[in-house]
Amino acid sequence: MAHSLTGKITLTAVRDLAPGSELRDTELKGFGVRRQNASISYFVHTRIDGRLKRLTIGRHGSPWTPETARKEAAKLLMGIRSGQNPARERDERRQVSATFEFVAEEFIRVHGAKLKPRTREEYARLIRIQLGRAFKGKSISEIKLPDIARAHASWSDTPRAANHAISVLSKLLSWAEQHGYRAPGENPCRKIERYGEASRERYLTEEELVRLGNTLAHAELAGENVWVVGMIRMLILTGARLSEMLTLRWSYLDVSRGALRLPDSKTGAKTIYLNQQALDVLVRLPRIDGNPWVFPGHIDGRHLVNIQKPWRALRSQARLDDVRLHDLRHSFASIAVEVGGTLPVIGHLLGHTQAQTTSRYAHVAPNPAQRVADAAGARIAKAWGNDLAVTPDADPSKKP
């Protein structure tokens, strides 16, 4: 909260105002000036329709000086006393004049600063290409439910992408409401019924794993990019996200503890636990002097940015044309469950923050009752010498 002082607002007083302080004028009640770091702005603070409101007049500098700002404050205060609501009028003017393009740009600039770079880039791309085409030139306040419903219907060929576009648009419109570009409580995206999205869970079978392993081994012998092959192996051996491997630095590797310690990921700081096979892959990878990346790209000092093209060629050779890179993560998780990992442990390995995200692998886990029955049967069989066959002359009623 700003430190509040009282006194006549003069040029000297404005220049002497300390950062984080504000000065309330003693000659015109409700008129004030505030300094936030290097920014100085004049304002009016008074009741409008029974509620205290702060209206910004403008920043110090042409045309706003103590004298011109005081005259503007007096005009605003006189209008408020006569029943006007400058705040509402300002918001209405703002809503009429603000186009979708302008608000979207502000959304990315202001709200985007709080997002992870990858998310911000995805939002900007989607707004520029998909949403921008649908609402080009339209006032942000005039985007209504029928407009959004038509856009959503036009994207029906790609239901998952259509739903994602509506989610991003919903965030943008809510932000626009909060910042006065739209009237509060008018986000029509909440009324759009999303398309059903078929769940796509693709896991590699043991036979497919063998084919992929053989393909990677032959590719390496044939001179395929050693870092591309190494990354694919790391993806399936660790269950890591592609983005985590693309941006992996050698400094993240803790060999003594067998782990990769990522300072940031999709879900924040994360530890990736390495099995011996993953460690072996990393140890065998060549390093480039002066390049901090585990998987360097074609440009000096940069990391790999995309392996989709070589992956498509490799999966074709392995006869796995429907397998995405992300399915390698699913496959690691399904194998981890099959060998006895509990869902909370799997969630920790994958870096999930919500239990329901990991619950998709529950159906892969063996039946606990069956596992107990099998274990009990194996124990009894061992006690009987593993020979459960009944000989023809055996009589259980006779004592030996």
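See the structure above.
Analysis parameters
Residues numbered from 1 in each chain as written. Predicted model: local features only at pLDDT ≥ 70, side-chain atom pairs only at ≥ 80, totals over all residues. Heavy atoms only, no water. Pairing = 2+ DSSP bridges. Helix = DSSP H or I, 4+ residues; strand = E, 2+ residues; numbered from the N terminus. Axes fitted to C-alpha atoms, helices over the stretch in contact; angles between N-to-C directions. Parallel < 35°, antiparallel > 145°, perpendicular 65-115°, else oblique. Contact = heavy atoms within 4.5 Å. Nonpolar A, V, L, I, M, F, W, Y, C, P; charged D, E, K, R; others polar. Buried < 20%, exposed > 50% of the residue type's maximum accessible area, 1.4 Å probe, protein only. Polar contact = N/O pair within 3.5 Å; in protein donor to acceptor, adjacent residues only side chain to side chain. Arc of directions from axis to C-beta.

S.K.: Describe the sheet that holds strand β4 (residues 39–48), with residues and values.
M.R.: Ordered in space as β1-β2-β3-β4-β5, the 5 strands form an open sheet in which the pairing is mixed. At either margin of the open sheet sits one strand with a lone partner, and together these are β1 (3–7) and β5 (51–59). For this sheet, the mean angle separating the axes of adjacent strands, direction not counted, is 30 degrees. Sheet topology note: the β4/β5 ladder contains 8 bridges and is antiparallel. Bridge assignment links Arg47 to a residue of β5, and that residue is Leu52.

S.K.: Explain the packing of helix α4 (residues 100–110) against helix α7 (residues 159–178) to me, and be specific about the residues and the numbers.
M.R.: One way to put it is that α4 packs onto α7 with a least axis distance of 10 Å and a crossing angle of 90 degrees. Considered as vectors, α4 and α7 are oriented roughly perpendicular to each other. The residues of α7 that touch α4, namely those facing Phe100, Val103, Ala104, Glu106, Phe107 and Val110, are Leu169, Lys171, Leu172, Trp175 and Ala176. Its residues assigned to classes, the contact of α4 with α7 comprises 9 nonpolar, no polar and 2 charged.

S.K.: Please provide a residue-by-residue account of the sheet that holds strand β6 (residues 253–254), values included.
M.R.: Where strands meet in a sheet, backbone hydrogen bonds hold them as pairs that are either parallel or antiparallel. The sheet built from 3 strands is open, its strands ordered β6-β7-β8 with antiparallel pairing. Each edge of the open sheet carries a strand with a single partner, namely β6 and β8 (270–273). As paired strands, β6 and strand β7 (residues 259–262) are joined by 2 bridges and run antiparallel to one another. Its bridge partner lying in β7, Leu253 is registered against Leu260.

S.K.: Tell me what's going on with the pairing of β4, and back it up with residues and numbers.
M.R.: With 7 of 10 residues buried, β4 is to be regarded as a mostly interior element. As defined by bridge partners, strand β3 (residues 31–36) adjoins β4 across 6 bridges and the pair is classed as antiparallel. The residue of β4 that forms the bridge with Arg34 is Ser41. In this antiparallel pair of consecutive strands, β3 and β4, the connection spans 2 residues, and Asn37 shows a positive phi of 55 degrees. In this antiparallel pair of consecutive strands, β4 and β5, the connection spans 2 residues, and Asp49 shows a positive phi of 55 degrees.

S.K.: Can you explain the side chain of Glu244? Please cite residues and give values.
M.R.: Among the structural elements, Glu244 can be located in helix α10 (residues 242–246). Given a relative accessible area of 4%, Glu244 falls into the buried group. Among the polar contacts made by the side chain of Glu244, one reaches the side chain of Lys270 at a distance of 3.0 Å.

S.K.: Describe helix α12 (residues 308–317), and please don't skip the residues or the numbers.
M.R.: Inspection of α12 places Trp311, Leu314 and Arg315 among the buried residues, and these make up the whole buried set. Buried positions in α12, seen along its axis, are confined to an arc of 95 degrees and lie on one side of it. Relative to its buried face, α12 has exposed residues pointing more than 90 degrees away, namely Lys309 and Gln317. The elements touched by buried residues of α12 are α8 (206–221), α9 (226–238) and α13 (325–338).

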